[in-house]
Amino acid sequence: MLETLPIRKIIHVDMDAFYASVAQMDNPELKGKPIAVGGGGTRGVVSAASYEARKYGVKSAMSGRLAIKLCPELIFVKTDFERYTQISKRIRKIFLDYTDLVEPLSLDEAYLDVTENKIGLPSASLIAEQIRQRIFNEVGLTASAGISINKFIAKVASDYNKPNGQKTVNPEDVLPFLEDLDIRKFYGVGKVTAEKMYQKGIFTGKDLKSKSLEYLDKNFGKSGRYYYDVVRGIHSSEVKPNRIRKSLAAERTFSKNLSSEIFMLEKLEHISEEVAKRLSKTKISGKTVTLKIKYSDFTLQTRSKTLPYYICDKSIILETAKDLLYQNTLNNSVRLLGISMSNLNTEAPKATKPLYQEQQSVSVQLKFNF
């Protein structure tokens, strides 16, 4: 029913090159220079890149070796998660001055539901401007924002005028905006899916919208319904201020590839200890242990085991990881090992309501002032 459609004003705030910007703020000598967080050494991987470095093609998840080849003047700086967390908490306090409905996605981005806000300002666009200005004045960093009727569109919009900009997609503009959008910019469409869509003649939202639900289900499985809905402006997920943690992990990339399982056991002991510390700190336990193995050719393999009880003890985590290591023969020498815990005791029982409610049009929101 149209009258039951929730009317929301959602802001997605995304910090601009957060890790790199923090490094430049803390060290003024780095301002205006191409920098990469992480990635140092012959085997490092870039965690984040400044906008100056991105102009050369440097980006996250790229090897440090390739990054320096693309940008010989690149400066590598160490990651400092303690500092990032400290800054993130200051930014979150600013969010909470406007609404309690804040859903952090990571240290550098969050959704805010400002439909009803603490300052009584009817314009979500003006609230976003205020928030971005306060972050700059009080923290010293720039942020970008997207504003629209739901989380999906707000997140897509926040990437539109980066860095240090914002975009509002008003209710009456939602459908045209989505139809013109390159399919690669749809949140939830990864590189592999985008290539598959291209092969099927789906390049824009308009192309996607022309496909039937049956067609999308057949070609994209469970995600078919999601694509069918979001291209029509339908995304009913609410801003959840207390996001339930789904997993907790630690991993290590090695300076030299490991080919002996004996050497790997020593590494797994350190990783298990780190996972146990994080579980203890957050007072969380889990049932499922997953071993992540990245080989020297960058292929990735995971092996999992679910126990009948919750665990947080290092020794049990380590023994389970050992079992998983010996479960199958290794395909190649190993450059990275990781251990993650999932099926945590933080997860709420699954609701019995259907994943998707009855489809609803956005037309009821056309008179909603943004």
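Here, the structure is the one placed above.
What this report covers is the structure whose coordinates are included nearby. (Residues numbered from 1 in each chain as written. Predicted model: local features only at pLDDT ≥ 70, side-chain atom pairs only at ≥ 80, totals over all residues. Heavy atoms only, no water.)

## A word on the pairing of strand β7 (residues 143-148)
No. 1: Buried residues dominate β7, accounting for 6 of its 6 residues.
No. 2: Here β7 shows a buried face lined by Ala143, Ala145 and Ile147 and a second buried face lined by Ser144, Gly146 and Ser148.
No. 3: In the sheet, strand β1 (residues 10-15) pairs with β7 via 6 bridges, with the strands oriented antiparallel. By the bridge assignment, valine 13 is partnered in β7 with alanine 145. (Buried < 20%, exposed > 50% of the residue type's maximum accessible area, 1.4 Å probe, protein only. Helix = DSSP H or I, 4+ residues; strand = E, 2+ residues; numbered from the N terminus. Pairing = 2+ DSSP bridges.)

## Some remarks on the packing of helix α1 (residues 18-26) against helix α4 (residues 81-96)
The axes of two packed helices give the description: the angle between them and the distance between them.
No. 1: At a minimum axis separation of 11 Å, α1 and α4 run at an interaxial angle of 95°. Between α1 and α4, the interaxial angle falls into the category roughly perpendicular. Contacts between α1 and α4 involve Phe18, Tyr19, Val22, Met25 and Asp26 on the former and, on the latter, Phe81, Arg83, Tyr84, Ile87, Ser88 and Ile91.
No. 2: Residue classes in the contact of α1 with α4 are distributed as 8 nonpolar, 1 polar and 2 charged. (Axes fitted to C-alpha atoms, helices over the stretch in contact; angles between N-to-C directions. Parallel < 35°, antiparallel > 145°, perpendicular 65-115°, else oblique. Contact = heavy atoms within 4.5 Å. Nonpolar A, V, L, I, M, F, W, Y, C, P; charged D, E, K, R; others polar.)

## Some details on the nonpolar core
A general tendency of soluble globular proteins is for nonpolar side chains to be buried together.
No. 1: Core analysis: the largest hydrophobic core is formed by 59 residues, its most contacted members being Ile11, Phe18, Phe95, Leu112, Ile135, Phe186 and Leu208.
No. 2: Discounting chain neighbours no more than four positions away, the residues touching phenylalanine 186 are Phe152, Leu178, Leu181, Gly205, Leu208, Val230 and Val231.
No. 3: With 29 residues, the next largest nonpolar core counts Ala250, Phe254, Leu258 and Leu337 among its residues. (Core = buried A, V, L, I, M, F, W, Y, C linked by side-chain atoms within 4.5 Å.)

## As for helix α10 (residues 213-220)
No. 1: Along α10, the residues that are buried comprise Leu216, Asn219 and Phe220. Axial view of α10: buried residues confined to an arc of 75°, hence all on one face. In this structure, α10 carries Glu214 and Lys218 as exposed residues pointing more than 90 degrees from its buried face.
No. 2: Along its buried surface, α10 packs onto α8 (191-199), α9 (205-209) and α11 (223-230).
No. 3: Positive backbone phi, at 60°, marks glycine 221, one or two positions downstream of α10. (Arc of directions from axis to C-beta.)

## Concerning empty space enclosed by the protein
No. 1: Taken as a whole and judged by the stated rule, the model has 2 cavities of 30 Å³ or more.
No. 2: If you add up the space inside the second largest cavity, you get close to 80 Å³.
No. 3: As for the second largest cavity, its lining consists of Val13, Met15, Ser88, Ile91, Arg92, Phe95, Pro104, Ser106, Leu107, Asp108, Glu109 and Ala110.
No. 4: Secondary-structure elements contributing two or more residues to the lining of the second largest cavity are β1, α4, β5 (102-106) and β6 (109-113).
No. 5: The element contributing the most residues to the lining of the second largest cavity is α4, with 4 residues. (1 Å grid on protein atoms, 1.4 Å probe; cavity = no way out; pocket = protein on both sides within 12 Å on 5 of 7 lines; lining within 4 Å. Points joined across faces, edges and corners; volume = space filled by probe spheres on them.)

## Comments concerning the sheet that holds β1
No. 1: The sheet built from 5 strands is open, its strands ordered β5-β6-β1-β7-β8 with mixed pairing. The sheet is open, and its two borders are formed by β5 and β8 (166-168), each paired with just one other strand. On average, each strand axis in the sheet is tilted by 15° relative to the strand beside it, whichever way the strands run.
No. 2: Bridge count for β1 against β6 is 5 bridges, and the pairing is antiparallel. Bridge pairing links isoleucine 10 to aspartate 113 in β6.
No. 3: Most of the contacts of α4 go to β5, to which it runs at about 155°, and overall it touches β1, β5 and β6.

## Details of a nonpolar patch on the surface
No. 1: Where nonpolar side chains cluster on the molecular surface, the patch consists of Tyr56, Leu66 and Leu70 and spans about 270 Å² of accessible area.
No. 2: Counting through the fold element by element, tyrosine 56 comes out in the loop between α2 (51-54) and α3 (64-70). (Patch = residues over 30% accessible without salt bridge, like charges linked within 9 Å, V, L, I, M, F, W, Y side chains within 5 Å. Areas by Shrake-Rupley, 256 points an atom, 1.4 Å probe, with all protein chains shown as cover. Salt bridge = Lys/Arg side-chain N within 4 Å of Asp/Glu carboxyl O.)

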